[in-house]
Amino acid sequence: MSNPLRELTELEKDALQEIMNIGFGRAAADLAEIINLHVILSVPHIAVLQSDEVISYIHNQIPDTTDMSMITQFFSGKFNGGSFLVFPHGEGRKLLRIFDGEMALLGENYDIDVLEKETLVEVGNIIIGACVGKIAEMLGDVVTYAPPRFFSQEQIFETLDDVLNESDSFAILFKTVFNFEQYNVSGYLFLVSQHSIMPWLKQAIAEFLGPYE
Amino acid sequence: MAKIMIIDDSLVARMSLKACIPKDAGHEIKEGNDGSVAIELYPTFQPDVTFMDLTMPGVDGMAALAEIRKLDPTARVIILTADIQTRTIERVMELGAFGLLKKPPVKDAVQAELNKALATEKQ
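Each value, and the rule that gives it
Residue indices begin from 1 for each chain and proceed along its sequence in written order. Whichever chain is written first becomes A and whichever ligand is written first becomes 1, with later ones labelled in order. It should be noted that, the model being predicted, local features are given only for residues of pLDDT at least 70 and side-chain atom pairs only at 80 or more, the latter also being counted only at that level, while totals for whole chains, interfaces and linings use all residues. UniProt positions are given in the numbering used here, feature names are shortened, and annotations may be inferred rather than shown by experiment. The secondary structure listing takes helices from DSSP runs of H or I that are at least 4 residues long and strands from runs of E that are at least 2 residues long, numbered from the N terminus. Once C-beta atoms are placed from the backbone, each residue is buried if 20 or more other C-beta atoms lie within 10 Å of its own, exposed if 12 or fewer, and partly exposed for counts between those two. Contacts are defined on C-beta atoms placed from the backbone: any two residues whose C-beta positions lie within 7 Å are in contact. Along the arc lie the directions from the helix axis toward the C-beta atoms. To get an axis, fit a line to the C-alpha atoms, keeping to the stretch in contact for a helix; angles then go from 0 to 180 degrees between the N-to-C directions. When an angle is under 35 degrees it counts as roughly parallel; over 145 it counts as roughly antiparallel; between 65 and 115 it counts as roughly perpendicular; any other value is oblique. Here a crossing is taken to be left-handed if its near helix is turned anticlockwise relative to the far helix by less than a right angle, and right-handed if that turn runs clockwise. In this count, Pro and Cys sit with the nonpolar residues alongside Ala, Val, Leu, Ile, Met, Phe, Trp and Tyr, while Asp, Glu, Lys and Arg are called charged and the others, Gly among them, polar.

Chain B appears in an unreviewed UniProt entry as Two-component system, chemotaxis family, response regulator CheY from Trichlorobacter thiogenes.

Going by the annotation in an unreviewed UniProt entry, the name recorded for chain A is Chemotaxis protein CheC, with Trichlorobacter thiogenes given as the source organism.

Here it is as C-alpha cells:
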C-alpha cells in the first residue's frame, strides 16, 4: 500500500521537474560557453523509485550495459544524498566527439580513455551542480559537494548497490536528454536520498508553491 | 482588460506565471500544455499577448511561435524559458518573439513586459 509520506504527489513531482528544467537551463548556458555549441537539456520524465527498484529500472531502460559509465557526486545539506549520472553505451564517446577539434591539437600524446573520463566528469559536474544546486536553492537550502567521481561499467552496480543498501534510501529519477546540436546524447540522472528527508522535501516544495496557489 | 494565453507543459510553471499577472486587472486567461494547443487556440481566442515556454514535449515553443506568427504576423508572443543561451535568444527573436523572460518568472519583470506588449500597437 502506498505511503503518502514516502511518495511525492503529481504536483510535487511537477514542481521538482520545473525546478530541474530551470537548473538545466543554467547548465546548458554554462556548457554552451565551454564547448561553443548550442545545447538543449531537458527533463522529459521524473519518477520516484524505492531503492530496490533502481537497479532493475536501469536494466530495463538500458538493456545493453556495455561501456556504460557513471559520474557520481555526493552532496550534503538539508537536502543530502548522492547524484548518479549514468551514460548508456557509447554516449560518453559521443560526448568526446564534441571535443574533436581540441583533441586534434593534442596530437597523439593523449589517452582516449583518460580524456573520455575527464570529459564526462566535467560535463557531469556541471549538470549535477546545476540540478542539485538549483533544487537546493529554490527549496531554500544550501548544499556542499564532494568531488565528482567517474565509474566505469564494471564498478557501477557495485557502487549503486552500496548506496542503495543504506537503510531507508529512495531515488528520484530524472530521465535527462542532452542535445548538443548534431550530437544526441542521452543520460539518466538519479538523486538518491533517505526517506528521512521527505518531510523536509514536501514542506520545502509546499513553501515554493505557496505564493502560486 | 486583455486576453492572455499561457502555454507551458508544467502546471507549476503556469501557476507561477499566473501569480505574476495582476488579478484585479480582469484579464481573461486561457492556458495549454503544448505548442499544438497554442496553434489550435490562437485563431479562436485571439489573445492580445501569449506567454510561451520553449521546451515542451510534442510541438515545442519555437515551432509554435513560428506557426502563430504565420497565422498572425502581428502576434505578440513573450517567451518564458530556462534556456538562456545567446543562440536561443537570437533564434526566438528572429522568429518574431515580442520578448523573452527568464524562468522562474519574477512579478515585476512579467508585469513590465506584459504592460509593454499591451501598450505596443500591433504591427
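J.: Could you clarify how one ought to interpret the UniProt feature "domain: Response regulatory" (unreviewed entry) in chain B in this entry?
T.: The sites that carry the UniProt feature "domain: Response regulatory" (unreviewed entry) are, in the present numbering, residues 3–118 of chain B. Counting secondary structure, residues 3–118 of chain B comes out at 44% helix and 20% strand; the distance between its end C-alpha atoms is 10 Å.

J.: Where do I start with the UniProt feature "modified residue: 4-aspartylphosphate" (unreviewed entry) in chain B in this structure?
T.: Residues and elements named next belong to chain B. In the UniProt entry, the feature "modified residue: 4-aspartylphosphate" (unreviewed entry) is given for Asp53. Here aspartate 53 lies in the loop between β3 (49–52) and α3 (61–71). For aspartate 53, a count of 28 C-beta atoms within 10 Å puts it in the buried group. Once you skip the residues sitting within four places of it in the chain, aspartate 53 turns out to touch Ile7, Asp8, Asp9, Ala13, Gly61, Leu80 and Thr81.

J.: Can you walk me through unusual backbone geometry in this structure?
T.: For residues that are not glycine, phi is negative in most cases, and the peptide bond is trans in most cases. All names here are of chain B. Cis geometry marks the peptide bond from lysine 103 to proline 104, where omega comes out at -5°. Secondary-structure assignment places proline 104 in the loop between β5 (99–102) and α5 (107–119). The phi torsion at glutamine 46 lies on the positive side, around 50°, for a residue other than glycine. Within the secondary structure, glutamine 46 sits in the loop between α2 (35–45) and β3.

J.: Is there a simple way to think about α2(B) in this case?
T.: Each α-helix turn comprises 3.6 residues. Residues three or four places apart therefore point the same way. Residue and element names in this part refer to chain B. Where α2 is concerned, the buried positions are Gly35, Ala38, Ile39 and Tyr42. Buried residues of α2, seen end-on, are gathered within an arc of 100° and therefore sit on one face of the element. Where α2 is buried, its residues contact β1 (3–7), β2 (28–32), β3 and α3. Positive phi appears at glutamine 46, one or two residues downstream of α2, with a value of about 50°.

J.: Honestly, the packing of helix α2 (residues 51–61) of chain A against helix α6 (residues 153–164) of chain A in this entry has me stumped. Any pointers?
T.: Describing two packed helices takes the angle between their axes plus the distance from one axis to the other. Residues and elements named next belong to chain A. Running from N to C, α2 and α6 cross one another at 160°; their axes reach a closest spacing of 9 Å. Judged on the interaxial angle alone, α6 and α2 are roughly antiparallel. The interaxial crossing formed by α2 with α6 has right-handed handedness. Along the contact surface, α2 presents Ser51, Val54 and Ile55, while α6 presents Phe157, Leu160 and Leu164. Classifying every residue of the contact of α2 with α6 by side-chain character gives five nonpolar, one polar and no charged.

J.: So what exactly am I meant to see when it comes to the interface of chain A and chain B here?
T.: You'll often see interface size given as the accessible area lost when the parts meet. If you look at the interface, chain A gives 20 residues, while chain B gives 17 residues. For the side of chain A that touches chain B, the secondary-structure elements that each account for two or more residues are α1 (10–35) and β1 (39–50) of chain A. When residues in the side of chain A that touches chain B are grouped by element, the largest group, 12 residues, is from α1(A). Class assignment for the residues of the side of chain A that touches chain B results in 12 nonpolar, five polar and three charged.

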